[in-house]
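# Architecture at a glance
Next come the chains, spelled out residue by residue.
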Amino acid sequence: MDFTLSSDQEALQEAVRKLCEGRFPIGRVRAMADVGGVDRTLWRELADAGVFSLRLSEDEGGAGLGMAEAALVFEELGRALVPGPLVWTHLAAGLIRGAAEGDTVVGGLQRQDEPFLVEHPDVIDVLVAVDDDGLWEVDRSRLSARPVSWPLDPLTPVHVAGGLLRGERRGVPGDAARWRMEGAVLTGAFLLGMAGALTEMSVAYAKERQQFDKAIGSFQAIKHLLADMFVRTEVARAAVYAAAVHLDEPALGPPARAVSGAKLLAGEAATLNAKTATQVHGGMGFTWEVDVHLYLKRAWVLDVAFGTGDMHADTVATLIDD
Amino acid sequence: MDLLWSDEDERFRAELRAWIAGALPQLPPESTREDWQARRHRDTTWQRMLHDAGYAGINWPVEVGGRGASLSEQLVFYEEITNARAPNVGVNFVGLLHAGPTLIAEAAEAQRSRHLPAILRGDEVWCQGFSEPEAGSDLASLRTRAVRDGDDYVITGHKIWTSFAQVSDYCELLVRTHPDAPKHKGITWLILPMDTPGVDVRPLRTVLGSSEFSELYLDEVRVPVANRVGAENDGWRVAMVTFSFERGTSLVSEMVEARRQLDELVKVAKVVERGRGTAWDDTGLRREIGHAAAELDALWNMVKRTVSEAARTGVPGVGASVVKLYYTELIQRIGDLAMRVLDRASLSLDDVYDHSGHFVEERLRVLALTIAAGSSQIQRNIIGERILGLPR
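Residues numbered from 1 in each chain as written. Chains lettered and ligands numbered in written order. Predicted model: local features only at pLDDT ≥ 70, side-chain atom pairs only at ≥ 80, totals over all residues.

Quick look at the confidence of the model for chain B now. Here chain B averages 93 in pLDDT, and 97% of its residues register 70 or above. Scored by ipTM, the complex comes to 0.96, with pTM at 0.95. (pLDDT = per-residue confidence, 0-100.)

The subject of this paragraph is the interface of chain A and chain B. In many reports, interface size means the accessible area that the parts give up when they come together. Contact residues are listed per partner, giving 42 residues for chain A and 41 residues for chain B. Elements represented by at least two residues in the side of chain A that touches chain B include exactly α6 (173-208), α7 (220-248), α8 (256-280) and α10 (309-319) of chain A. Here the element with the most residues in the side of chain A that touches chain B is α7 of chain A; it accounts for 14 residues. Within the side of chain A that touches chain B, the residues separate by chemical class into 26 nonpolar, eight polar and eight charged. (Contact = placed C-beta atoms within 7 Å. Helix = DSSP H or I, 4+ residues; strand = E, 2+ residues; numbered from the N terminus. Nonpolar A, V, L, I, M, F, W, Y, C, P; charged D, E, K, R; others polar.)

Take the sheet that holds strand β1 (residues 106-110) of chain A next. Residues and elements named next belong to chain A. With mixed pairing, four strands are arranged side by side in an open sheet as β1-β3-β4-β7. Pairing within the sheet leaves two strands with one partner each, and these edge strands are β1 and β7 (168-171). Sheet twist, expressed as the average angle between the axes of neighbouring strands with direction ignored, equals 35°. The pairing of strand β3 (residues 126-131) with strand β4 (residues 134-138) spans five bridges and is classified as antiparallel. Of the residues in β4, the one forming a bridge with D131 is G134. Strands β3, β4 and β7 of the sheet are contacted by α6, whose axis makes an angle of about 85° with β4. (Pairing = 2+ DSSP bridges. Axes fitted to C-alpha atoms, helices over the stretch in contact; angles between N-to-C directions.)

So, on to unusual backbone geometry. Its identity is not glycine, yet D213 of chain A carries a phi of approximately 65°, on the positive side. With 5 C-beta atoms counted inside 10 Å, the residue D213 of chain A sits in the exposed group. (Buried ≥ 20, exposed ≤ 12 C-beta atoms within 10 Å, placed from the backbone.)

On to the domain arrangement of chain A, then. Residues and elements named next belong to chain A. When cut into domains, chain A gives domain 1 (7-92), domain 2 (108-172) and domain 3 (174-319). Relative placement of domain 2 and domain 3: their C-alpha centres are 26 Å apart. Contact with domain 2, which involves 11 residues of that partner, is made by 10 residues of domain 3. Looking at the side of domain 2 that touches domain 3, the elements with two or more residues in it are β3 and β4. When the residues that make up the side of domain 2 that touches domain 3 are grouped by side-chain class, the tally is five nonpolar, three polar and three charged. (Domains from an automatic or database assignment.)

Moving on to the pairing of strand β2 (residues 145-149) of chain B. Residues and elements named next belong to chain B. Bridging between β2 and strand β3 (residues 152-163) involves five bridges; their strand directions are antiparallel. Within the sheet, the bridge partner assigned to A146 lies in β3 and is I155. Between β2 and the antiparallel strand that follows it, β3, lie two residues; G150 among them carries a positive phi value of about 65°.

Structure, rendered in structure tokens:
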């Protein structure tokens, strides 16, 4: 047992962080709202860095890495708030032609009652629906959908759709179950990165912002909010990394409890940290100009992706005495 | 990142489990809560059994007679002891987890050889004389005075929250030896034999109705200078050694126990009738229990992470304050859930049905955890200032 990052894992984390800092500064991320959340050139750069293919075997053009490494990568993407259907395209690598290489942008959704919302409708090439019966490639041209003029997250455009055709089968029920778990952990990792970024942002602001002739971070009322942000993030980190390791290592037993716990706690860490960050930033936290709202809105979007917190809490509960 | 126990860890687990199964039946029966002599007898008998089997001082170095177990073996040890419902450290708490480790790190050879083997054998029980009525979170403002008189210190003052004082042989005592120095610079760490004239132990009744804690009144108590650990006026630094242990390892067995209790709570919820079904059919309650289970899982993994970091770097990471803060608040929320599951059965500390009284008693007991060993508010200050670098 050694639950620390290996030197290879640290190097990977560092490399992706550098890539994000260089290619996805927050100003450029904001501008991506004008292109439906995906810039094809940058998308290919993510693919070249292995974001989509890293878990494929070397024969398939991947790096043969596991969920642990993928989680570290998605944490960094979340820290930088990189938009687009990253998790879906990652899951589709090796299954949908061109996904691994960044040539095909794959979006997805859980089949559910109508109406439902399709994310990034204008930029995805392929839409995959997940249900208990398997994975289905859906012909987008036959979806009846209308655009939402004002999506909650400006970086996650959506269409409201009704009537989802069955589509072409791309996976069996076991594949669907695996996608749901891997998708939950990768989304959790992304949320974890966001929770960490929000803590750093708020701490920096609290050290700089002066009121009553003092940095507001010196007041315990603020200090304790920030301490709780940090603690929440670290608890979520332990949960997300452990869930990823459970998916990589079958000898640890069924992963479902760890996976649901991770998604639950990471979703809460990101949404609560974003709300706290808004509070710490005061009036500026309520402005479009300050980045906090972009994190809050994405956190809300992802908190209901791959299972809500309520659903995952219930899942953990039912697995307690198994 | 690897969460699998090694073959050595699994071998250690199997051996330990077999030994516990054989040893437990030989243990004296559990005593009533207020029979402190009987509690001491049971806890020290268990300690002697651990010692004779080579498991005493699981985290202590081999050179001083400890097991010198790896950190992962220590986690295995706490898991097995707790899951088998074997006694935890009990009255040996301060000796094994506070005073002993401090002596190992800071004491002179004569002091170490005098006390460490006795603590490991269960022959010596220790208590802690740190807090005072006017020095709680601001411990460094303590006022108990020690005045040098020849080869002795003469000590007068008032200590509080001293666990197991009524059955202790020694006390790790913090005293003020330099009243004019800045408050952190005038403190000294002493070994106080509890049978010294002038030591008056007055049990303090807690919300549980029992007397885990006492007040110590010290009236011109003479302690030889030879009982000083570390230099005069260097006691604050010596005490900090103890704190890192207090926040680090002492919650591990608590946490294993909490996981077991949550499993028990689910069993209870599935049989307690509520409306047309059971408490477990209440979706809201069930989700909150699932939520708490996820948090406990995460904290346990965080302990593994902290332990792995410590094993790799040799120093405990920032995890200790984080785990202490989160765990103690979580266990209180779990206690609240238990009270909600029990409903009217929560009115009784006697069992209304299986273990119901234990849940109620636990709800009261864990009230202390967010206060003792650095309150939650102090932990948030520590995290804010030392980890996040916020101004004081």
